[in-house]
Amino acid sequence: MRWLPDRTVAHLRRVAEWPDLADTKYRLLEELGRGGMGTVYLAEDTVLGRKVALKVISTGAADAETADRMLREARIIARLEHPGIVPVHDAGALPDGRIFYAMKRVEGERLDALAARATLPDRLRVFQRICEAVAFAHAHGVLHRDLKPENVMVGSFGEVLVMDWGVAKLLDAAAERIPGGATEASPSQTAEGTVVGTLSYMAPEQAEARADRIGPQTDVYALGAILYYLLARRPPFEGAAAERRARGEGAVAPASPRRFDPSVPRALEAIVAKAMSADPTGRYASAEELAAEVGRFLAGEHVRAYRERPWERAARIFARYRTPVLLVAAYLLMRTPLILYGRS
């Protein structure tokens, strides 16, 4: 009896799990990635002649509750028509009974990969685009609840896309019904004591499963944690700190980003500290406000979260108005001999 190599067995297992696309307009091309709820495949839409990303519920998770969650995720994304959020093209059930939805295929790289090589201004401009997408979602009554660098893609042409809305929460309790009989809101209303998201980036109230305190400021905290990563190039919590949060010690403060990169401007450090305040009321009131604060830094303006020292203010103003200051200085330098010799 001959045993098949492990690689062959693994390949056969993957192929056996491939979705049945017979009698659909999609042609399977390859597997792109796997998650806890579903697998994403590259497929061709044979009617429109374009490639799409097809998210299909995994065979091991194909129960009614997970199917409802998958449809709910598709419906939430579909209601958020914004350049920073991946559009959904189609959703339904395949011939094998599994739920799927088709979305735009995103080509590019994850934010954590981009952060390793991009300049600070480029990282901050990408961050502003993330804030804009999250602000749009909040305006339409949706919290993401799992914002992190791995869930942000930067496309080949500079587009910034916030991905993975699988644990999103609807702010309004009244919701439409989805196929299968479940309400769109009911799966999203997290029960007290249930932690969802990624511990390294989640707000204290989320780490402590305080469902009654979760709101837009919860996502603002996660945005602050993403900004922390863009400055320090590491998560704000990892190792022992993340373990303490897992035990319910969600108010643990992260180390300063300047500890890992002393060149981080103190004004940006102050923005991170405010966004990641343990108390939700101490954070920025909205994602737009956080984006505007970063915009002030990029424009060389005063950052409201940071109390400047006099010499820091002078240095900032000089940096912002360097050219006119140097022109005036050059003019005065040239005029000084004329004034002095003219008097003699």
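In short, a report on the structure. (Residues numbered from 1 in each chain as written. Predicted model: local features only at pLDDT ≥ 70, side-chain atom pairs only at ≥ 80, totals over all residues. Heavy atoms only, no water.)

### With respect to the sheet that holds strand β8 (residues 152–155)
Phase 1 of the analysis: Within the open sheet, the 3 strands sit side by side as β6-β8-β9. Their pairing is antiparallel. Of all strands in the sheet, those bounded by a partner on one side alone are β6 (108–110) and β9 (160–162). Going from strand to strand, the sheet's axes swing by 25° on average, the running direction of each strand aside.
Phase 2 of the analysis: Sheet analysis places β6 next to β8, joined by 3 bridges and oriented antiparallel. For Glu 109, the partnering residue across the bridge sits in β8 and is Val 154.
Phase 3 of the analysis: Of the strands in this sheet, β8 and β9 touch helix α4 (residues 120–139), which is tilted by about 45° from β9. (Pairing = 2+ DSSP bridges. Helix = DSSP H or I, 4+ residues; strand = E, 2+ residues; numbered from the N terminus. Axes fitted to C-alpha atoms, helices over the stretch in contact; angles between N-to-C directions. Contact = heavy atoms within 4.5 Å.)

### What to know about the nonpolar core
Phase 1 of the analysis: One finds Leu 111, Phe 127, Ile 130, Trp 165, Leu 223 and Leu 290 to be the most contacted residues of the largest nonpolar core, which totals 73 residues.
Phase 2 of the analysis: Among the elements that make up this core, the one with the highest residue count is helix α6 (residues 216–232) (12 residues).
Phase 3 of the analysis: Once residues lying within four places of it in the same chain are set aside, the contact partners of Ile 130 are Leu 111, Val 152, Val 160, Val 162, Leu 223 and Ile 226.
Phase 4 of the analysis: Judged by nonpolar contacts, the second largest core, of 11 residues, contains Tyr 26, Tyr 41, Leu 94 and Phe 100. (Core = buried A, V, L, I, M, F, W, Y, C linked by side-chain atoms within 4.5 Å. Buried < 20%, exposed > 50% of the residue type's maximum accessible area, 1.4 Å probe, protein only.)

### Some details on the packing of α4 against α6
A pair of packed helices is captured by two measures, namely the crossing angle of their axes and the spacing between those axes.
Phase 1 of the analysis: Between α4 and α6, whose axes approach to 11 Å, the crossing angle comes to 165°. Considering the angle they form, α4 stands roughly antiparallel to α6. You can see that α4 and α6 cross each other, and the crossing is right-handed. Contacts from Leu 120, Arg 123, Leu 124, Phe 127, Ile 130, Cys 131, Val 134 and His 138 of α4 reach α6 at Pro 216, Asp 219, Leu 223, Ile 226, Leu 227, Leu 230 and Leu 231.
Phase 2 of the analysis: For the contact of α4 with α6, a count of residues per class yields 12 nonpolar, 1 polar and 2 charged. (Parallel < 35°, antiparallel > 145°, perpendicular 65-115°, else oblique. Left-handed = near helix turned anticlockwise from the far one by under 90°. Nonpolar A, V, L, I, M, F, W, Y, C, P; charged D, E, K, R; others polar.)

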